Amino acid sequence: MIADHPVFGLALTVIAYYTAGRLQKRYPHPLVNPLLIASAAIVVVLMTLGIEYETYNQGGRLLSFWLGPATVALAIPLSRQIRPNRGGIPLALAIVAIGSTVAVISAAYLAVALGASSLVTRSLIPKSVTTPIAIELAHLVGGTPSLTAVFVVLTGLLGNLIGPELLRVAGVRNPQAVGLALGTASHGIGTARALHEGPEQAGSSSLAMGWAGIWTAILIAVAHAIGWV
Amino acid sequence: MEEVRSLSILVGFHLLGEAVSAVLPVRIPGNVLGLVLLSSALLTGIVREESLAPAADVLLGNLMLLFTPIVVGTMGFVGLLGKELVPILVALVGSTLAVLLITGKLSDALLGKDGRK
């Protein structure tokens, strides 16, 4: 069958994503998210045709492989924000580290308190960091990378949708504070919203996204090494 | 050749990160270490941003496309999500709001109202 060829999953993904991207251009709204719409469309196609995920993913993984080099490429926004701003950076990094620690502990605590299974709880732990890092961390803590990817996207969407409004209501007006909060809580999708808020918010959000990923990776690696997770 | 040069730098640093990751006593993802190493190289001027841009711009500009196959992978977990929907949603929303407020409030208080201390 044609679906057994890797180009099936590759073509399906690229075409679905392109179509969803066009849709977003036409109806610009945070909920018209090309990632969610394309994924849902692909799931419908696979279910309709009775194609297994593994079959589809022979082509899909040709794309997701590039998340590794893409993470390395985040060095550009990261260094761009650090360069003009060195004096305030250590304090900003400390604040982001506190926020990221809250993200890990609060997610695990709430999930356990409400009776989530161990697999779901472990998959929730890295939800606030950018997907390529979150996926690595999901492997490390014994979660499921696919589940983690969805939690990461939902977390990003939430920050994207209500982050700036919530911060405004809470009396946070400093643009750098808004950027740091968005990048720490909701990684790249939150950073996309920060880009609409202003250049200072965008720069701070990129820095927070990158450092939150690094800090959370170190935190979880250490917690894993001493046997906490 | 500019594209190939930028790709070489990018995958070279990724490879370097994976190599460092393999010898470290704690498991830090190689792509994260590659990010740290490349950021340092950019800040010290060892690598110039322009020489990196052609490949990096393509990847960062289409990051969501690269995530798509992973999100599609959730279809095997639909049953599990349904059964645990309440704990999942409460944990996601509660934790995200807590991080937004704590990070935003701390930054607002410590970084000064003009945002450039």
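Visitor: Would you mind showing me how to read the overall build of chain B here?
Guide: A count of helical and extended segments in chain B gives 6 helices and 0 strands. Seen in sequence order, chain B has helices and strands lined up from the N terminus as α-α-α-α-α-α. A fraction of 46% describes how many contacts in chain B between residues 6 or more apart in sequence connect residues 24 or more apart. Surface exposure of chain B reaches about 5600 Å², of which carbon and sulfur atoms provide 70%.

Visitor: In this structure, what is going on with unusual backbone geometry? I would like to understand it.
Guide: Where the residue is not glycine, phi is negative for most of them; where a peptide bond is considered, it is trans in most cases. The residue histidine 187 of chain A is not glycine, and still its phi comes out positive at about 40°. The residue histidine 187 of chain A is located in helix 10 (residues 175-197) in this model.

Visitor: Where do I start with the packing of aromatic side chains in this structure?
Guide: All names here are of chain A. Enumeration according to the criterion identifies 3 aromatic pairs over all chains in this entry. On the numbers, 5.9 Å between centres and 40° between planes, the contact of tyrosine 53 with tyrosine 56 is tilted. On the criterion of helical spacing, the pair formed by tyrosine 53 and tyrosine 56 is a turn pair, its members being 3 residues apart in helix 3 (residues 53-64). Judged by relative accessible area, which is 17%, tyrosine 53 ranks as buried. Overall, tyrosine 56 belongs to the buried group, its relative accessible area being 0%. Taking the centre distance of 5.3 Å and the plane angle of 85° together, the rings of phenylalanine 65 and tryptophan 66 count as edge-to-face. Overall, the relative accessible area of 29% leaves tryptophan 66 in the partly exposed class.

Visitor: What should I look at first to understand the interface of chain A and chain B in this one?
Guide: In many reports, interface size means the accessible area that the parts give up when they come together. The interface is formed by 98 residues belonging to chain A together with 70 residues belonging to chain B. Where chain A abuts chain B, roughly 7500 Å² becomes buried across the two surfaces, and 80% of that area is made up of carbon and sulfur atoms. When the buried surface of chain A facing chain B is broken down by residue, Val72, Ile76 and Ile95 of chain A rank first, second and third, together holding 8% of it. The interface formed by chain A and chain B includes 1 salt bridge. Note that glutamate 49 of chain B is salt-bridged to arginine 80 of chain A, the shortest N-O span being 2.4 Å. Taken together, the links from chain A to chain B amount to 8 residue pairs in polar contact (both at pLDDT 80 or more). Classifying every residue of the side of chain A that touches chain B by side-chain character gives 66 nonpolar, 24 polar and 8 charged.

Visitor: Help me understand the packing of helix 11 (residues 199-225) of chain A against helix 2 (residues 30-44) of chain B, please; the structure alone is not making it clear to me.
Guide: Packed helices, taken two at a time, are described by the angle between their axes plus the distance between the axes. Running from amino to carboxyl end, helix 11 of chain A crosses helix 2 of chain B at an angle of 130°, the nearest separation of the two axes being 10 Å. When the axis of helix 11 of chain A is compared with that of helix 2 of chain B, the two are oblique. Crossing angle aside, the handedness with which helix 11 of chain A passes helix 2 of chain B is left-handed. Contacts from Gly210, Ile214 and Ala217 of chain A in helix 11 of chain A reach Val32, Leu35 and Val36 of chain B in helix 2 of chain B. Across the contact of helix 11 of chain A with helix 2 of chain B, the residue classes tally to 5 nonpolar, 1 polar and no charged.

Visitor: Can you help me understand helix 1 (residues 2-23) of chain B in this one?
Guide: The α-helix winds at 3.6 residues per turn, so residues separated by three or four positions along the chain end up facing the same way. Residues and elements named next belong to chain B. Look at helix 1: 32 Å from first C-alpha to last across 22 residues, which is about the 32 Å you get at 1.5 Å a residue. For helix 1, the complete set of buried residues consists of Ser6, Ile9, Leu10, Phe13, His14, Gly17 and Ser21. Viewed end-on, helix 1 has its buried residues packed into an arc of 125°, placing them on one side of the element. Pointing more than 90 degrees away from the buried face of helix 1 are the exposed residues Leu15, Ala22 and Val23.

Visitor: Before we go on, may I ask you to explain the confidence of the model for chain A in this structure?
Guide: Atomic detail in the predicted coordinates should be set aside for any region of low pLDDT. Chain-level statistics for chain A give a pLDDT mean of 89 and a share of 99% at 70 or above. When pLDDT is averaged over each element of chain A, helix 1 (residues 6-26) of chain A comes out on top at 96 and helix 5 (residues 75-82) of chain A at the bottom at 81.

Visitor: Explanation requested: the nonpolar core in the structure shown.
Guide: One broad trend across soluble globular proteins is that nonpolar side chains are buried collectively. In this structure, Leu46 of chain A together with Leu10, Leu38 and Leu52 of chain B are the most contacted members of the largest nonpolar core, which totals 69 residues. Here this core takes 8 residues from helix 4 (residues 63-72) of chain B, the largest share from any one element. Among residues more than four places away in sequence, those in contact with leucine 52 of chain B are Ile76 of chain A together with Ser6, Ile9, Leu10, Leu38 and Leu42 of chain B.

Visitor: I keep staring at the side chain of serine 79 of chain A and nothing clicks. Help me out?
Guide: With respect to the helices, strands and loops of the structure, serine 79 of chain A is situated in helix 5. Its relative accessible area of 0% is what places serine 79 of chain A among the buried residues. Within the structure, the side chain of serine 79 of chain A is placed 2.8 Å from the backbone oxygen of alanine 75 of chain A, a separation counted as a polar contact. In terms of polar contacts, serine 79 of chain A uses its side chain to reach the backbone carbonyl oxygen of isoleucine 76 of chain A, at 3.2 Å. Beyond its immediate stretch of four places on either side in the chain, serine 79 of chain A contacts Ser39, Leu42 and Leu43 of chain B.

Visitor: Can you walk me through helix 2 of chain B in this structure?
Guide: Taking 1.5 Å of rise per residue, the 15 residues of helix 2 of chain B would be expected to cover 21 Å, and the 21 Å separating its terminal C-alpha atoms lies within 8% of that figure. By the burial criterion, the buried members of helix 2 of chain B are Gly30, Asn31, Val32, Leu33, Gly34, Leu35, Leu38, Ser39, Ala41 and Leu42 of chain B. Elements in contact with the buried residues of helix 2 of chain B: helix 4 (67-73), helix 5, helix 8 (131-141) and helix 11 of chain A together with helix 1 and helix 3 (49-61) of chain B. Glycine 45 of chain B lies just past helix 2 of chain B and shows a positive phi near 85°.

How each quantity is defined
- Residues numbered from 1 in each chain as written.
- Chains lettered and ligands numbered in written order.
- Predicted model: local features only at pLDDT ≥ 70, side-chain atom pairs only at ≥ 80, totals over all residues.
- Heavy atoms only, no water.
- Helix = DSSP H or I, 4+ residues; strand = E, 2+ residues; numbered from the N terminus.
- Contact = heavy atoms within 4.5 Å.
- Areas by Shrake-Rupley, 256 points an atom, 1.4 Å probe, with all protein chains shown as cover.
- Phe/Tyr/Trp six-rings, centres within 6.5 Å; stacked < 30°, edge-to-face > 60°.
- Buried < 20%, exposed > 50% of the residue type's maximum accessible area, 1.4 Å probe, protein only.
- Buried area = accessible area lost by both parts, 1.4 Å probe.
- Salt bridge = Lys/Arg side-chain N within 4 Å of Asp/Glu carboxyl O.
- Polar contact = N/O pair within 3.5 Å; in protein donor to acceptor, adjacent residues only side chain to side chain.
- Nonpolar A, V, L, I, M, F, W, Y, C, P; charged D, E, K, R; others polar.
- Axes fitted to C-alpha atoms, helices over the stretch in contact; angles between N-to-C directions.
- Parallel < 35°, antiparallel > 145°, perpendicular 65-115°, else oblique.
- Left-handed = near helix turned anticlockwise from the far one by under 90°.
- Expected span 1.5 Å × (residues − 1).
- Arc of directions from axis to C-beta.
- pLDDT = per-residue confidence, 0-100.
- Core = buried A, V, L, I, M, F, W, Y, C linked by side-chain atoms within 4.5 Å.

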